[in-house]
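# Inside the fold
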Amino acid sequence: DMTKTDRRTLLKLAGAAGAGVAMAGFGRAGAALAQNKDELVIAYNVNLPSWDPTVGPSAVNPTIQGFYQSVFDMFIHQNPDLSFAPGLLTEWGWNDDRSKVFMVVREGVTWHDGSPFTAEDVAWSLERAGKPETGNPIQFVWAKIGNFKVDGNRVEADVLQFEPTIFKWMAFLTGYVLPKAYYEKVGPEGFEAAPIGTGPYMVERYERNAFVRLKANPNYWDGKPAFENVTIKFVTDAASRVAEVESGNSDVTLEIPYEEYDRLVGKGFKGSCETISDIGMIFINDIDPMLDGNDRYAAAHAIDKKLLVDRLLRGYGLPLDTLETPEYAAFAPSIKVEYNPDKAKELLAASGYSPDKPVKFAIQTTRGFKPKDYEMIQAIVGMWRKVGIEAEIEVYEIAQHYELRAADKLAPAAFYNWGNAVADPTTSTGFAMFGPSPHSVWDGQDLIDKIGPLWGEPDEEKRIAGWKAVSRYIADEGLVIPLLQYAQPILHRDGIVVTPHKSGALLPHLIKRA
């Protein structure tokens, strides 16, 4: 059964903006807007770098999918609990011998410019996604179906290579339907300047690094959204997001420090703080000194994850030892990486290191992108220091992380937030750890050989068991450091109801009046 992909991304992404002088003037305008009952103002934690949801590094950034899902529709929708639901496709599946896929396309839908949405748009979007020259970062999945045939509102395609998760991807990163005729007319630059979709909101105004203003789509096939106008400010600084809601300049924000969440809920603000399908993790790059297994194992065993959750995150969150959360299909609770600083010291001593003569490397992290991200890495660096690891912190923006990861130039250790709203092991452990994947930095051949056969495994039980075995190998070898499953704080004023999405996307069309 398909777990629908992410609405979560949408909202998440909307908050990233720079504060500062430019925002100060806009903030006052925002305060007036917030009083206008037909205007919803959201302070988002990330910036929106580009509008095409199917190309470039932004397309696989889970935190901005909320923007994309406001304007575009996915082939297949995902409910707030991550279950799948009809989107622009109302039916989908394989034929009996799995040599073909079929899709039935929703009728009566229009693009934001008023032109009709058709099955041709679906076939073109899938074909375009599978072409290497398009620049879709998930091209290697989309290329597994081809030879599209359109008959009325039905699309059929040949299975060129069996991909067990192909329909899950239709509800996940890059799984958006774009307008064939409009895109071919205006081209990539024109589309970037004036994007249109079939989604619940239309783009009215976009100021790079500042805000985006959306207008409700009156003809949305799933019902017109509750708010006519939505302004999403990009507020990358967490303290500024708190101030936005506390001052009344914004109605809703997310990803704020947990102590501020507790304080404001205590003052009468409303909110929720539920776990989402996001994992805080540290990538390990296969460069010195991480080629020495003792250094990797020691780094993992020296981290007290429960202490991080309890002290820094005020108990919001769940410590993890694999890249799978309890909601994921291949979660294996028996896999444990214990907190054992004495063992970490022994391992480092075997490689000639000690607290007086530490192994040294850099660790990269974001600051304010996720609650307490930087402080968490500071705490980990302190834990490492006690056992004989001296790590120097380098701060980067999340966009830099994607560029460095794609170029395989991350530091020996790099903090990241991995989103996997379809809960499949391929889209967590798989892409994060498979060497040839553009999203992985560990290139060890042993792991490549273990993961390789699982991509196209048609026996579902065997496939999931195989991924559990891979997770155990990764834990035993110390090839990544999973930290925790995040809980997402969403804070808002009284008078509105916000439905959180397990994907972490804050979706304006899921926000209603109380």
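## Some points on the packing of aromatic side chains
Applying the stated criterion across every chain yields a total of 29 aromatic pairs. With 5.8 Å between their ring centres and 70° between their planes, Trp111 and Phe117 make a pair best called edge-to-face. On the basis of relative accessibility, which here comes to 3%, the residue Trp111 falls in the buried class. An angle of 70° between the planes, with centres 5.2 Å apart, marks the rings of Phe434 and Trp455 as edge-to-face. Of this pair, Phe434 sits in the loop between helix 15 (429-433) and helix 16 (445-451) while Trp455 sits in the loop between helix 16 and helix 17 (460-477), and the two are 21 residues apart along the sequence. We classify Trp455 as buried; its relative accessible area is 13%. Linked through ring pairs, Tyr68, Phe72, Trp124, Tyr176, Tyr182, Tyr183 and Phe191 together constitute an aromatic cluster. Across from the ring centre of Tyr473, 4.7 Å away, lies the NZ or CZ of Lys450, which sits over that ring. Over the face of the ring belonging to Phe227 we find Arg513, whose NZ or CZ atom lies 4.5 Å from the ring centre.

## Details of the pattern of salt bridges
One pass over the structure, following the stated rule, counts 26 salt bridges. Among the salt bridges present, the one from Lys180 reaches Glu184, with a minimum N-O distance of 3.9 Å. Here the residue Lys180 and the residue Glu184 both occupy positions in helix 7 (residues 180-193), the gap between them amounting to four residues, near one helical turn. Salt-bridge contacts for Asp424 lead to Arg463; the nearest nitrogen and oxygen are separated by 2.7 Å. A residue pair is termed long-range when its members are at least 10 positions apart, and Asp424 in the loop between strand 16 (413-419) and helix 15 and Arg463 in helix 17 qualify at 39 residues. Residue class for Asp424 comes out buried when judged on its relative accessible area of 0%. Residue Arg463 is classed as buried on the basis of its relative accessible area of 1%.

Here is what the cut-offs are and how they apply
Residues numbered from 1 in each chain as written. Predicted model: local features only at pLDDT ≥ 70, side-chain atom pairs only at ≥ 80, totals over all residues. Heavy atoms only, no water. Phe/Tyr/Trp six-rings, centres within 6.5 Å; stacked < 30°, edge-to-face > 60°. Buried < 20%, exposed > 50% of the residue type's maximum accessible area, 1.4 Å probe, protein only. Helix = DSSP H or I, 4+ residues; strand = E, 2+ residues; numbered from the N terminus. Lys NZ or Arg CZ within 6 Å of the ring centre and 35° of its normal. Salt bridge = Lys/Arg side-chain N within 4 Å of Asp/Glu carboxyl O.

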